[in-house]
Amino acid sequence: MDFSPYSFLTTMEKLQLKHLLRLSVWLQLVLSCRGSVGETVASSTQPFPWSKLRLPTDIVPNHYDLLIHPNLTTLDFTGFVKIEVDVKRDTKHVILHSKGLNITSASIVADGDQESAGLGKVTVLEFHPHEQIALVAPEPLIAHRKYRLYIEFQAKLAEGFDGFYKSTYQTKDGEKRILAATDFEPTAARMAFPCFDEPSFKAMFSIKIRRGAYHIALSNMPKVQTVELADGLLEDHFDRSVRMSTYLVAYIVCDFKFVTATTTSGIKVSVYAVPEKWSQTQYALDVAVKLLQFYEDYFNISYPLPKQDLIAVPDFQSGAMENWGLITYRETALLYDPRTSSALDKLWITKIIGHELAHQWFGNLVTMEWWDDIWLNEGFARYMERVSVNSTYPEIQIDDYFLDVCFGAMGRDALNSSHPISNPAETPVQIMEMFDTVSYDKGACVLNMLKDFLTEEVFKSGIIRYLQSYSYKNAKSDDLWNTMADTSSETDFSSGAFCYTSSHAKNKAERYTCEKLGLKEMMDTWTLQMGLPVITVERTGRQVRVRQERFLKGVLQEDPDYSLLQSGYHWQIPLTYITSGSRRLQRHLLKTQSDTFQLEDDVSWIKLNVDMNGYYVVHYGEDGWDSLIVLLNHNHTALSNKDRTNLIHNAFQLIGTGRLSLDRALNLTRYLRMETDNIPLLQGIGYLNALYRIMEMRNFTDTAEKLKSYILQYFKPVIDRQTWSNEGSTSEKRLRIEMIGLACDLGYPPCIQKASQLFQDWVKSNGTLSLPTDVLRVVYAIGSQKTEGWNYLLNAYQHSLSSSEKNKILYALSRTKDTEKLSKLIELGRDGEVIKQQDFAALISSISGNPSGHTLTWNFVRENWAELLEKFHVGSSIIRNILYGTTSHFYSQEELEEVKTFFNSLKEQGHVLKVMEVILELIQKNIRWLERNRPVLEKWLEDIIPSGAN
């Protein structure tokens, strides 16, 4: 419904609107005086002079003067940009990006000329499919000259999460307040102002923002002055930026409060949040100051801006965005509430801040040349999370989390629908799809493997040289490898083992610099081809034979297409190993399909991929696995906790390839009863829980009940020793969260009783009772099973000022078995008022994981697809997560056919997404896995339970 908002305006808002109209008239007058502009011509008949998606390089921007005036009442904005450009070749047109902007005036002036001496009438052409406009001049722009482009524009504030968009929050008194924020990565700066919106077109920016006196404005650089205008408006002028890509530009108009501190090097760090959440900003401030200081020291490169702001935006699609000097965050990624935030919340906030601050060097200072190498930004930032947090907050134990990062990457990469780390991407949708597990997590794990191979000292020297060499420039993967190779060839390795072949490792006689090894050639095998290798180990006496193949989930060696799927895949793999005879780490660079090396002594076992520093799966053969199972049962501490976790992971991954049987993998987990380290415990129990969820979802009730009984009996000592408190290390807290949650999910009576009592006490206190934050989620989930509890939680959700608490409540609400309540949740998410649209994908996924809700969500997505695309554009992470969340757990042929039918209908509408291919492959593999392994699981349970799981 359309209506005029003017009757609702306050006096001040009417004055703002009046000034806006005056500004528009003034700009038209100014522009009409710029030579022979006359009126700008927008033509739909003249052919667009450029046919490619990428911009031509005839014109290069140097500096933007940008004025933005958002109106938070009418929800639109006006803008004016002057772009100073260099002309490289003679041309009659300037091609740049614009999407959804109404260009009201444009002119071109040669540098040195008066503004009145323009090039004549400028025609503005638009080509919507490529999100481009052309400024066509009546005479050519001459090579090697500078020009100024003047463009006036206006648009509505975007309704989604891209470009310059509207965000809202509600005060505790119920008042709805509006702010305007930007999020430009990867291709949305063009929605906010006309620009050369590609990462290689770096320029400097001088930004001015107009606002009311009751708001503040923030941008990348510090504010240098505020000018008071007529009608009570204020115009903030921000300092000129460093040279950067358009996707890093940011500005916000809001009414937030902040806390601030200064680093030892004089950088002012501030954290902003809505006024009523100001008290939740202190932890983020402490972390940001500490990590920013760490990065300056680690890289030996000063942070180049005088300030660094971090701001929690109430509506935000991703976790955070690294805008230079003004990092934007989802509230859950920045705000820490000691009353409701768990140990996992603290880990999440710390690592996200570490990730975004790492981007100030990897991504901002040095930017990938094109989006096909986005991993140079994201893979490095993910890797540096681990390095920075390990150094500054060792008690958080982020190493434990990093194992999960690599396990997750392997799971995605083991599909034939994966993609290389460096992968062609041209359209905005293709570019958006590059922001995935492969770019982020595989990128980080491959870098970690390279660090282990080169040694930390050499790797660090290499990345510092890379940053120094390409500061304020763009780089490709080859630039990184060449810099690394140059660094390694200049380093003296006489003090330690480096790059030697393990066939000569006994005397370490052959050491090679990475230049001789061909570092680029080696790393290209990890970045230019998708997938990962599986190493098969065969030991005969002291001779060990290793063979590499492509690791593909759900593909058996006897399958007809096995050879075809293997063809052409080959990696250069830096293997590491230890044996029963020596715990000293040994290395072997596997450059061929197979190779052999000699051990120093006779051994009873060998373990490859020491501490999971390599990105590959290992298969030891039946005898090899048997010897490792014996080792775990008799002396599991002979291996590190990471090696034990790695063995559990590899065993369960190999099931899908037919190389290892499910019962053998399950037998390996039997040692866990003696396990005292939390990480292998969580890994093993996690696989057992996943098996239970599959059986439960498929309504294999008898098998599910037996498996539930086994888990509760066999791991009863672990469950019973968990306390309902916040005590212990981060690792202990993580185990507590997972084990108590699992026990209550499986209906363990003592867990249900304790959680129910805590929930009742909390309700009786009207929500004022302080519960242990690490068990809040499970307490809420148990409380939600009764109608009165569910209703109480929904009311608490609407009034909570803690984003972390709202997340826990929303999860709990989605665990009800009442389909009417689940339908109500979906409708609340659909409406976007009570449950924000940023949380819709997570809500849908959570309900889909509920046996009572998966049909509801699947039907909802199919029936409301057109509406979903209106809310969230195709290719967005929300759309991809909705599709994946509702279908990836399917295990039947009937469900597969439904998904195929739906996806075919989407393709007919022109919606082709990579995630569709991933989902179809995953469901097919799920079906095959279940057919092959359900009988094995049932037999194993029959054999194990009568003999006593106690």
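For the structure, check the block above.
Because the structure is predicted, anything quoted here is derived from the model rather than measured. (Residues numbered from 1 in each chain as written. Predicted model: local features only at pLDDT ≥ 70, side-chain atom pairs only at ≥ 80, totals over all residues. Heavy atoms only, no water.)

### Details of the overall build of the protein
Which entries qualify depends on this criterion: Working definition: helices are DSSP H or I runs of at least four residues, strands are E runs of at least two. Numbering for both runs from the N terminus. Both definitions apply: the radius of gyration is a C-alpha atom measure, and the globule rule equals 2.2 Å times residues to the power 0.38. Relative accessibility thresholds used throughout: buried, under 20% of the residue-type maximum; exposed, over 50%; partly exposed, between the two (1.4 Å probe, protein chains only). Residue-level accessible areas treat just the shown protein chains as cover; the underlying method is Shrake-Rupley with a 1.4 Å probe. Positive residues here are Lys and Arg, negative ones are Asp and Glu, while His and the chain termini are left out of the count. A charged residue contributes its charge at one atom only: NZ of Lys, CZ of Arg, CG of Asp or CD of Glu.
The secondary structure content of the protein amounts to 30 helices and 29 strands. For the protein, whose C-alpha radius of gyration is 29 Å, the value lies close to the compact-globule estimate of 30 Å for 950 residues. Considering only C-alpha atoms, the protein reaches an extent of 90 × 70 × 60 Å along its principal axes. Counting only residues that meet the buried cut, the protein has 62% of its 950 residues in that class. Accessible area of the protein: about 35,800 Å², with a carbon and sulfur share of 49%. Positive and negative side-chain charges in the protein, numbering 100 and 116 respectively, have mean positions lying 2 Å apart.

### Things to note about the sheet that holds strand E19 (residues 320-321)
Under the convention used in this document: Here a strand pair is declared whenever DSSP counts at least two bridges between the two strands.
If you trace the 5 strands from one edge of the open sheet to the other, you get E16-E17-E18-E20-E19, paired in mixed fashion. Two strands in the sheet have a free side with no partner beyond their single neighbour: strand E16 (257-262) and E19. Inspection of the sheet shows E19 paired to strand E20 (residues 326-330) by 2 bridges, in the antiparallel sense. Counted as the bridge partner of Ala320 is Tyr329 from E20.

### Details of the pairing of strand E4 (residues 91-97)
Along E4, 5 of the 7 residues are buried, which leaves the element largely enclosed by surrounding structure. Pairing of E4 with strand E7 (residues 132-141) involves 6 bridges; the strand directions are antiparallel. Residue Ile95 lies in a different strand from E7, and its bridge partner there is Ala134.

### Focus: the sheet that holds strand E26 (residues 586-590)
Through backbone hydrogen bonds, the strands of a sheet pair up, either in parallel or in antiparallel fashion. Definition in use: An axis is simply a line fitted to the C-alpha atoms; with a helix, the fit covers only the stretch in contact. Between two such axes, the angle follows the N-to-C directions and lies from 0 to 180 degrees.
Taking strand neighbours across the sheet as the criterion, the 3 strands line up as E26-E25-E28 in an open arrangement whose pairing is antiparallel. In this open sheet, the two strands that pair with only one neighbour each are E26 and strand E28 (606-608). In this sheet, neighbouring strand axes are inclined to one another by 30 degrees on average, regardless of whether the strands run parallel or antiparallel. With 3 bridges connecting them, strand E25 (residues 573-579) and E28 associate as antiparallel partners. Considered in E28, the bridge of Thr579 is made with Ile606.

### Observations concerning the environment of Asn633
The cut-off we apply is this: A contact between two residues is defined here by any heavy atoms of the two lying within 4.5 Å.
When you line up the elements, Asn633 lands in helix H13 (residues 621-635). In this structure the C-alpha to C-alpha distance between Asn633 and Leu672, which are 39 residues apart in sequence, comes to 8.6 Å. With near-sequence residues (within four places) excluded, Asn633 lies in contact with Arg670, Tyr671 and Met674.

### Observations regarding the packing of aromatic side chains
What counts here: Between 30 and 60 degrees the pair is tilted, below 30 it is stacked and above 60 it is edge-to-face, where a pair is any two Phe, Tyr or Trp rings, Trp via its six-membered ring, whose centres lie within 6.5 Å. When the NZ atom of lysine or the CZ atom of arginine is within 6 Å of a ring's centre and also within 35 degrees of its normal, the charge is said to sit over that ring.
By the definition in use, this model includes 50 aromatic pairs. Between Tyr298 and Phe299 the ring centres are 5.4 Å apart and the planes differ by 85 degrees, which places this aromatic pair in the edge-to-face class. Comparing Tyr298 with Phe299 shows no difference in burial state: the two are buried. Each residue in the set Phe294, Tyr295, Tyr298, Phe299, Tyr303, Trp361, Phe362, Trp375, Phe380, Tyr466, Tyr470 and Trp481 is aromatic and connected to the rest through ring pairs, giving one cluster. Above the face of the Tyr811 ring, Arg777 is positioned so that its terminal group lies 3.7 Å from the ring centre.

### Comments concerning the packing of helix H26 (residues 854-863) against helix H28 (residues 877-887)
Heads up, the rule is: Each angle gets one of four labels, with under 35 degrees taken as roughly parallel, over 145 as roughly antiparallel, 65 to 115 as roughly perpendicular, and the rest as oblique. The handedness criterion is simple: a crossing whose near helix is rotated anticlockwise from the far helix by less than a right angle is left-handed, and one whose near helix is rotated clockwise is right-handed. Each residue gets one label: Ala, Val, Leu, Ile, Met, Phe, Trp, Tyr, Cys and Pro are nonpolar, Asp, Glu, Lys and Arg are charged, and the others, such as Gly, are polar.
The N-to-C vectors of H26 and H28 enclose an angle of 140 degrees; their axes lie 9 Å apart at closest approach. On the basis of their axis angle, the class for H26 and H28 is oblique. For the pair H26 and H28, the crossing hand works out as left-handed. Across the interface between the two elements, Thr857, Trp858 and Val861 of H26 pack against Ile882, Leu883, Thr886 and Thr887 of H28. For the contact of H26 with H28, the class distribution of residues is 4 nonpolar, 3 polar and no charged.

### Overview of the pattern of salt bridges
In plain terms, the rule: Any carboxyl oxygen of Asp or Glu that lies within 4 Å of a side-chain nitrogen of Lys or Arg is treated as forming a salt bridge with it.
Taken as a whole and assessed by the stated rule, the structure comprises 61 salt bridges. The partner of Asp626 in a salt bridge is Arg664, and the shortest N-O contact between them spans 2.3 Å. Residue Asp626 is found in helix H13, and its partner Arg664 is found in helix H15 (residues 662-668); the two are separated by 38 residues along the sequence. On the basis of relative accessible area, Asp626 is assigned to the partly exposed category, the value being 32%. Relative accessible area serves as the criterion here: at 19%, Arg664 is assigned to the buried category. Sharing partners across several salt bridges, the network here consists of Glu538, Arg545, Arg547, Glu549 and Arg659.

### Things to note about the pairing of strand E11 (residues 204-211)
Counting buried positions along E11 gives 6 out of 8 residues, so the element sits mostly inside the fold. For strand E2 (residues 59-71) and E11, the ladder comprises 6 bridges, and the chain directions are parallel. Among the inter-strand pairings, Leu67 is bridged to a residue of E11, identified as Lys208. Across 4 bridges, the pairing between E11 and strand E14 (residues 234-238) is antiparallel. Paired with Arg210 across the bridge in E14 is Glu235.

### Some points on helix H19 (residues 730-745)
Test applied: To estimate how far a helix should reach, multiply one less than its number of residues by 1.5 Å.
With 16 residues, H19 should cover 22 Å at 1.5 Å per step; its first-to-last C-alpha distance of 22 Å lies within 8% of that length. Counted residue by residue, H19 has 13 buried out of 16 residues, so it is predominantly covered. In the segment just after H19, Gly747 is the residue with positive phi, at about 80 degrees.

Everything listed is a geometric property; what it means functionally is a separate question.
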